[in-house]
Amino acid sequence: MSVVVRTIARILVPVILAFGGYVILHGHLTPGGGFQGGAVAASAVALLLVAFGAPSLKKLKSPLSVLEDLGGIAFVVLAFLGIGTTFFFNLLAGSGGLFGAASPIGPNAGFLNTGGTVPLMNWAVGFKVLGGLGAVMVLFGLFGGDDDR
Amino acid sequence: MIGNAPFVVCMVLVLLGLWALLFRRNLIKVVIGIKIIENGVNLYLVATGYVRGGIVPIYTYAPPDAAMVLPTPQALTLTSIVIGLATTALMLAFVVVIHRHKKTLDGRKVTELSG
Amino acid sequence: MNLTAHAPILAVAVPLLGAFALPLWAKLHTSLRDLWLVLVAGVTGALTVLVAVQVYTVGIQVYTLGAAWPLDTLAPGGFPIRIILTVDALSAFLGLITVLVAVVGFSYAWRYLNEDEGKTLALTLGTLLWAGMLGMAFTGDLFNLFVFFEVTSIAACGLVGYRTWASRGPEAAFKTMVMYTVGGLFVLLAIALLYGEYGALNLAYLARQISGSVVDRIALGLLLGGLLMKAGAVPLHMWAPDAYGEAPAQAVILLVANTQISLYALFRVLFTLYGGVADPAIGWLVVSLGTLTLLVAALMAVVQMDLGRLVAFGAVSQIGYMLLGVGVGLTVIAARPAYGLVAIQGGIFHMLNDAVAIGLLFLAVGAVEKAAGNRNLANLGGLGHDLTWTTGFFLLGSLALAGIPPLNGFASKLMIYQSSFLLSPILSALAILASILLLAVFVKAFQGAFLGPRLRKAEPVPVSMLVAMGVLALGVLALGLFPELVVRHLVAPAADALWKGRDLYLQAVLGR
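Note that the structure is predicted; figures quoted are calculated from it, not measured. (Residues numbered from 1 in each chain as written. Chains lettered and ligands numbered in written order. Predicted model: local features only at pLDDT ≥ 70, side-chain atom pairs only at ≥ 80, totals over all residues.)

(A) Summary view of the overall build of chain A. Across its full length, chain A holds four helices and zero strands. Secondary structure elements of chain A occur, N-terminal to C-terminal, as α-α-α-α. With respect to the three principal axes, the spread of C-alpha positions in chain A is 55 × 35 × 20 Å. Counting all 149 residues of chain A, 42% fall into the buried class. (Helix = DSSP H or I, 4+ residues; strand = E, 2+ residues; numbered from the N terminus. Buried ≥ 20, exposed ≤ 12 C-beta atoms within 10 Å, placed from the backbone.)

Put into structure tokens, the structure is as follows:
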């Protein structure tokens, strides 16, 4: 692609990633969440793919799939945290501290430190989606070259 | 009657998708047909959750006695969209592999197998 | 932590975690991956057996995800909106089948798959498929049924088509994926219809509410269509021979278990969900589809020249027997419970026998492919000289599948013949005809591949593959020699769970 596209891509990629992060971060308060934020963040990979071509992104493939695996493991491990009561039990909700503040009743702006394990799961899902979608797109871009055995 | 319009649209989408699935030969168009069916079903799910005059089901936005649209179908739809993404990616990957081997996307020319 | 109470969800979550972590271990070292797989398979198998023991000795196990305690199924207000696992005897029975199939499949895969041909991928997808199958067997609400349906679809199609350097695998996988996805969307549409009408997804709650309205009937039609697509019953079977023929052998036996899990979901829908508004016409529909399946597939098997596809049509034909047995049960059980129960027992017992016998055949075909390099009957011959054990296993499996006494296929087929004879003698005549056809087909295949002069020296089959086949062969013999024991202790409770146990199922979840 032309130098204009590449320059714009360099500027936009951090912005897209930040917006994806915002959507994940506020997933338990506003519309959005892990999948949506991860998909937004993965569109940064798509932009890079368009601007720089698949071969130059080949080195991203392995870290992205590791990120996907780690996201999946983190999600299941977070679900395991509640096993003392039941699987998926929200251990941190209502416990105060960094994640478990009680949410006030009635219309309010929302507080980030509520939700217990839900925001953490959103991050796990977000990384999984970013990794998975990104790896899929890079692979589609690379496809057709050498034997992928 | 006008309240049923979304459901009619959903069924039209499902039938359109089935038509594409059955009568299109291009494998990409088959995948698109499946996506159209899926969108029809997803739209149906969201439409079932609508409550007349309901507001967005967000805890922190809601006045105390507001009617909310049902959040469960929205969660189901989201799940189904995520699953749809995975299946579409997988199907397209198979299409790419098939094209690499056969150099064509015509469903009738690629068949080596006859179930 | 009370292990027995948490066992149902752990049996689903452990293989899921195992599948996610498997590729990471493989990045470190392949032996770490194998060790991890052994650990995951052992823990999952032990947990599933624990659940089954609990179910068979104590009663239906219920587990509520994310609740204050595992049995807290109802949300405040008495409405079951939580995610619930409900394991009754039939679910546990299917769970045991998946454990048998998965453990045998993984031990076979150890030497069957080559490291440079995507072994890690195959093992990961196999574990994921196992998790999906257990989830589908254990789930207690319709939406998670759909989710696990799709998990198994994706994993199964990945297993069929991951060998992208060959052209046939991806083609079979695409065909399979189209059928699975459309089936899944039919199921989802049915779920949406039921949700729109009753506002709930819980199986037990819906079962109590369902009134047999027009919407319910449309939903039932969609569920039947979707689940039969996945199960490979005849008008919708075109994916099955391709997928069975092209997937690697250790994956095929998982795919066979996967079709049985779809049949389980179908029976769950027909008996538990729609049990209150049961209609003999639906029973007749299932019976006719079953008869059609077993006949058409047996006829198609006659003309096959590829050993894998030949056995694959045999596998599709067995789906017909299960449908026939349970369909006869559904038709007559309200009028004559004793006969209906025998028919259902026959159908369910045949699931286990089919998993063992057809699994043995597919593993033997895989061994032939590895030893001789191809599977075309025109190029095979005289393998019996080199592959003594594999020859014996193939013969045993094919005789069992054709229903020759005293092997296990006979035991369950006899129950199906007997009970379908009472519904209509024509049905049992057709079922016996299909069995004879299958016997002819397998004799032809056996003669073509294993007898005759030695064409070329075959590679020896690795011992671990022989051991995996030997376990299934022992199963064929044991189930054939002691069917009474198995039917009384394992199958009869599972069959009871479908009909007599329906109220218990509803009470276990809804509490009254």
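(B) Region of the structure containing the overall build of chain C. The helix and strand tally for chain C stands at 19 helices and two strands. The C-alpha atoms of chain C give 22 Å as radius of gyration, which agrees with the globular expectation for 512 residues (24 Å, within 12%). The dimensions of chain C, computed from C-alpha atoms along their principal axes, are 75 × 60 × 40 Å. Out of the 512 residues belonging to chain C, those deemed buried represent 65%. If you take every contact in chain C between residues at least 6 apart in sequence, the share linking residues at least 24 apart comes to 80%. (Rg over C-alpha atoms; globule rule 2.2 N^0.38 Å. Contact = placed C-beta atoms within 7 Å.)

(C) Representation of unusual backbone geometry in the model. With an omega dihedral of 5°, the bond running from Pro405 of chain C to Pro406 of chain C counts as a cis peptide bond. Summarising the element assignment, Pro406 of chain C is placed in the loop between helix H14 (388-402) and helix H15 (408-423). In this structure, Phe88 of chain A takes a positive phi of about 75° despite not being glycine. For Phe88 of chain A, the location among the structural elements is in the loop between helix H3 (61-81) and helix H4 (117-142). Not every positive phi belongs to a glycine, and Lys103 of chain B is a case in point at roughly 60°.

(D) Inspection of the interface of chain C and chain B at higher detail. Counting from both sides, the interface comprises 31 residues of chain C and, opposite them, 29 residues of chain B. For the side of chain C that touches chain B, the secondary-structure elements that each account for two or more residues are helix H5 (142-161), helix H6 (168-198) and helix H9 (239-246) of chain C. Counting residues per element, the side of chain C that touches chain B draws most heavily on H6 of chain C, which supplies 16 residues. Here the side of chain C that touches chain B is composed, by residue class, of 20 nonpolar, seven polar and four charged. (Nonpolar A, V, L, I, M, F, W, Y, C, P; charged D, E, K, R; others polar.)

(E) Structural context of the nonpolar core. Residue and element names in this part refer to chain C. Core analysis: the biggest nonpolar cluster contains 280 residues, and Ile191, Leu360 and Leu363 have the highest contact counts within it. Built from parts of two domains, this core gets at least three residues from each of domain 1 (1-277 + 504-512) and domain 2 (278-481). Residues in contact with Ile191, not counting those within four places in the same chain, are Leu142, Phe143, Phe146 and Leu201. (Core = buried A, V, L, I, M, F, W, Y, C linked by C-beta atoms within 7 Å. Domains from an automatic or database assignment.)

(F) View of the domain arrangement of chain C. All names here are of chain C. Per the domain assignment, the segments of chain C are domain 1 (1-277 + 504-512) and domain 2 (278-481). Spacing between the C-alpha centres of domain 1 and domain 2 amounts to 23 Å. Mapped by element, the contributors of at least two residues to the side of domain 1 that touches domain 2 are helix H3 (89-112), helix H8 (214-231), H9 and helix H10 (249-273). For the side of domain 1 that touches domain 2, the class distribution of residues is 26 nonpolar, seven polar and one charged.

(G) Summary view of the environment of Pro170 of chain C. Secondary-structure assignment places Pro170 of chain C in helix H6. Here the alpha-carbon distance between Pro170 of chain C and Ala301 of chain C, two residues 131 residues apart in the chain, equals 23 Å. Not counting the four nearest positions on each side in its chain, Pro170 of chain C is found in contact with Phe94, Val97 and Ile98 of chain B together with Gly161 and Thr164 of chain C.

(H) Up close: the pairing of strand E1 (residues 61-64) of chain C. Residues and elements named next belong to chain C. Along E1, one buried face is formed by Gln61 and Tyr63 and the opposite face, lined by Val62 and Thr64, is buried too. The sheet contact formed by E1 and strand E2 (residues 84-87) spans four bridges and is antiparallel. Bridge pairing links Tyr63 to Leu85 in E2. (Pairing = 2+ DSSP bridges.)

(I) Spatial organisation of helix H18 (residues 483-498) of chain C. Residues and elements named next belong to chain C. Along its length, H18 reaches its greatest deviation from straightness, about 45°, at Val491, and the proline Pro493 lies no more than four positions downstream. For H18, every residue scored as buried is listed here: Pro483, Val487, Val491, Ala494, Ala495, Ala497 and Leu498. In this structure, the buried residues of H18 make contact with H3, H10, helix H13 (337-372), H15 and helix H17 (463-481). (Bend = angle between axes of the 7 residues up to and from the residue.)

(J) Looking closely at the environment of Gly480 of chain C. Residue and element names in this part refer to chain C. Note that Gly480 resides in helix H17. Taking the C-alpha atoms as reference points, Gly480 and Asp496, 16 residues apart in sequence, are found 22 Å from one another. Other than its neighbours up to four places away in sequence, Gly480 contacts Ala400, Pro406, Leu407, Asn408, Phe410 and Ala411.

(K) Looking closely at the packing of helix H3 (residues 71-102) of chain B against H6 of chain C. For the pair H3 of chain B and H6 of chain C, interaxial distance at closest approach is 9 Å and the crossing angle is 165°. In terms of orientation, H3 of chain B lies roughly antiparallel with respect to H6 of chain C. Viewed along their axes, H3 of chain B and H6 of chain C form a crossing whose handedness is left-handed. Of the residues in H6 of chain C, those touching H3 of chain B at Pro73, Ser80, Thr87, Leu90, Met91, Phe94, Val95, Val97 and Ile98 of chain B are Pro170, Glu171, Ala173, Phe174, Met177, Thr181, Leu188 and Tyr195 of chain C. Of the residues that constitute the contact of H3 of chain B with H6 of chain C, the class distribution is 13 nonpolar, three polar and one charged. (Axes fitted to C-alpha atoms, helices over the stretch in contact; angles between N-to-C directions. Parallel < 35°, antiparallel > 145°, perpendicular 65-115°, else oblique. Left-handed = near helix turned anticlockwise from the far one by under 90°.)

(L) Representation of the environment of Leu43 of chain B in the model. Residue and element names in this part refer to chain B. Note on placement: Leu43 falls in helix H2 (residues 27-48). Residue class for Leu43 comes out partly exposed when judged on the 18 C-beta atoms lying within 10 Å of it. A C-alpha to C-alpha distance of 20 Å links Leu43 and Ile58, two positions 15 residues apart in sequence. Other than its neighbours up to four places away in sequence, Leu43 contacts Pro6, Val9, Cys10 and Leu13.

(M) Inspection of the packing of H3 of chain B against H5 of chain C at higher detail. Packing of H3 of chain B against H5 of chain C leaves a shortest axis separation of 11 Å and a crossing angle of 10°. Here H3 of chain B is positioned roughly parallel relative to H5 of chain C, judged by the angle of their axes. Each of Leu76, Thr79, Ile83, Ala86, Thr87, Leu90 and Phe94 of chain B in H3 of chain B lies in contact with H5 of chain C, whose residues at this interface are Phe143, Val147, Glu150, Ile154, Cys157, Gly158 and Gly161 of chain C. Here the residues of the contact of H3 of chain B with H5 of chain C are counted per class, giving nine nonpolar, four polar and one charged.

(N) Looking closely at helix H1 (residues 3-25) of chain A. All names here are of chain A. Across its 23 residues, H1 extends 33 Å between first and last C-alpha, which sits within 8% of the 33 Å expected from 1.5 Å per residue. Largest kink in H1: about 30°, centred on Leu12, with the proline Pro14 one to four residues after it. For H1, the complete set of buried residues consists of Gly20, Val23 and Ile24. Tucked inside the fold, the buried residues of H1 contact helix H2 (34-52) and H4. (Expected span 1.5 Å × (residues − 1).)

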